Amino acid sequence: MQRGVTFKYNTWCQHINTRQGRVSGVTLDSGEVIHADRVVFNGDAQALRQGLLGPQAQSAVNMKSPTRSLSAMTWSVYARTSGFALDRHNIFFQNHYQREFEDIFRHHRLPQQPTIYVCAQDRGTDEAPADKDRLLCLINAPAVGDSHAFSQETIQACQTQTFSTLQSFGLSIHATPQDLICTTPQDFAQRFPATGGALYGQATHGWMAAFARPYGRSQIPGLYLAGGSIHPGPGMPMAALSGRMAAEALVADLKDAMMAAAEDERFEEAARLRDELKRLQSTALAIADDPFARQSDVAKANLDAEITYSTDDSPSKPIPNKGGRKRLQRASRPNVPKTFGSRSR
């Protein structure tokens, strides 16, 4: 916020706008238009395909809709457990693993014999919780949350079967209805529009599926993509990598724009882009050194970058080079890793 960033909470993005073939900003649900040369979309690519961000943004990704990945039925539980020595991550397999995926992808129904994942958030350390466990229990489910709502009877039957199966493995969860919250594919579909509740983007069927995901640099110049549906894939580490790759693509394009402006002797624009690059890189370094850095530390890194510029000649002042052409005076570079801003094409 000290660097001029404005956070808009509880605000929907209605459209991603384009002009002359490249991104030009966004329109909010309030009607407010925010003009921008570059936009990062951290959402599911399917929302772009279906035109939920406006028809202008549909061409950002391949228009062919891929097969959806898995959704889930989950239970967040805070209850006492007994009978089974839980670790932090626990998976309970059934005898007929293939049937689970036939139920989901062929019959589009909840699996009759699901694999059950239990994350015991307070386990995996030297000391077990004295009283109750915080658990996330999960089974795979079809991503049909936008076309089919499971009845309460079906959900309750699935819950009963799931907890009974855990008990057959020796794990008893002593939970009352007040001790747990159930989340269905329909709930996930409402949270993540256009997904049907799919949690991992497109399905990873076949060895080429991983390469079919959209990349950080979209097909619309100036629009960059990040999130679990984008390359390299779903999950927290991969989604974080997608954000980094989008940032690297953005920085690489900024550098190209800066060099093009300098070659065309548009020195004021080149200097503005160079200053913008300097701020982005100094901020990235401050966060990389300490991901939990206070905003004041990040602001100080940006201020140091500005001081570096002030010690140089005027950044917008053209000076002649040996060949007689004009070039832009370059400020000394910060200690930036060589890999930062590398092209991801």
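Please refer to the structure higher up on the page.
Definitions and cut-offs
- Residues numbered from 1 in each chain as written.
- Predicted model: local features only at pLDDT ≥ 70, side-chain atom pairs only at ≥ 80, totals over all residues.
- Heavy atoms only, no water.
- Helix = DSSP H or I, 4+ residues; strand = E, 2+ residues; numbered from the N terminus.
- Buried < 20%, exposed > 50% of the residue type's maximum accessible area, 1.4 Å probe, protein only.
- Contact = heavy atoms within 4.5 Å.
- Expected span 1.5 Å × (residues − 1).
- Pairing = 2+ DSSP bridges.
- Phe/Tyr/Trp six-rings, centres within 6.5 Å; stacked < 30°, edge-to-face > 60°.
- Salt bridge = Lys/Arg side-chain N within 4 Å of Asp/Glu carboxyl O.
- Lys, Arg positive; Asp, Glu negative; His and termini not counted.
- Polar contact = N/O pair within 3.5 Å; in protein donor to acceptor, adjacent residues only side chain to side chain.
- Arc of directions from axis to C-beta.

A. The side chain of T184, seen in detail. Relative to the helices and strands, T184 is located in the loop between β10 (180-183) and α4 (185-191). A residue is classified by how much of its surface remains accessible, and T184, at 7% relative accessible area, is buried. Beyond its immediate sequence surroundings of up to four residues, T184 is in contact with A72, M73 and I155.

B. Geometry of helix α3 (residues 152-168). Taking 1.5 Å of rise per residue, the 17 residues of α3 would be expected to cover 24 Å, and the 24 Å separating its terminal C-alpha atoms lies within 8% of that figure. Tucked into the core, α3 has its buried residues touching β5 (71-82), β6 (89-92), β7 (116-120), β8 (133-141), β9 (172-174) and β10. Just downstream of α3, G170 is the residue with a positive phi angle, here 105 degrees.

C. A look at the environment of G222. Mapped onto the elements, G222 comes out in the loop between α4 and β11 (223-226). For the pair G222 and V39, spaced 183 residues apart in the sequence, the C-alpha separation amounts to 6.3 Å. Residues within four places of G222 in sequence aside, it is in contact with R22, V23, D37, R38 and V39.

D. Molecular detail of the pairing of β6. Every second residue of β6 is oriented toward a common face, the buried set being N90 and F92 and the non-buried set H89 and I91. Pairing of β6 with β7 involves 4 bridges; the strand directions are antiparallel. Bridging across to β7, H89 finds its partner in C119.

E. Region of interest: the packing of aromatic side chains. Tallied over the entire structure, the rule returns 6 aromatic pairs. When the centroid spacing of 6.2 Å and the interplanar angle of 15 degrees are considered together, the rings of F7 and Y9 count as stacked. Residue class for Y9 comes out exposed when judged on its relative accessible area of 65%. Considering the side-chain rings of F92 and F169, the 5.3 Å spacing of their centres and the 55 degrees angle between planes classify their relative orientation as tilted. Taken together, the residues span a long stretch of sequence, with F92 in strand β6 and F169 in the loop between α3 and β9 at a distance of 77 residues. Relative accessible area serves as the criterion here: at 3%, F92 is assigned to the buried category. Linked through ring pairs, F84, F92 and F169 together constitute an aromatic cluster.

F. Molecular detail of the pattern of salt bridges. A complete count under the given rule lists 10 salt bridges for this structure. Notably, a salt bridge pairs D146 with R68, separated by 2.7 Å at the nearest N-O pair. Of the two residues, D146 sits in the loop between β8 and α3 while R68 sits in the loop between α1 (45-49) and β5, which places them 78 residues apart along the sequence. Residue classification places D146 among the partly exposed residues on the basis of a relative accessible area of 46%. Overall, R68 belongs to the partly exposed group, its relative accessible area being 25%. With its nearest N and O atoms 2.7 Å apart, the salt bridge here joins R134 to D122. Here R134 is found in strand β8, whereas its partner D122 is found in the loop between β7 and β8, with 12 residues between them in sequence.

G. Structural context of the side chain of R213. Inspection of the secondary structure puts R213 in the loop between α4 and β11. Buried charge R213 goes without a salt bridge, the closest partner of opposite sign being D44 at 7.3 Å. Reaching out from R213, the side chain makes a polar contact with the backbone oxygen of Y200 at a distance of 2.9 Å. Within the structure, the side chain of R213 is placed 3.0 Å from the backbone oxygen of G228, a separation counted as a polar contact. Each residue touching R213, except ones within four places of it in the same chain, is listed here: Y200, G201, Q202, T204, G228, S229, I230, H231, P232, G233 and P234.

H. Spotlight on helix α2 (residues 97-106). Along α2, the residues classified as buried are E100, D103 and I104. Projected onto a plane normal to the axis of α2, the buried residues spread over an arc of 90 degrees and lie on a single side. For α2, the exposed residues lying more than 90 degrees away from the buried face are Q98 and R106. Buried-residue contacts for α2 involve β8.

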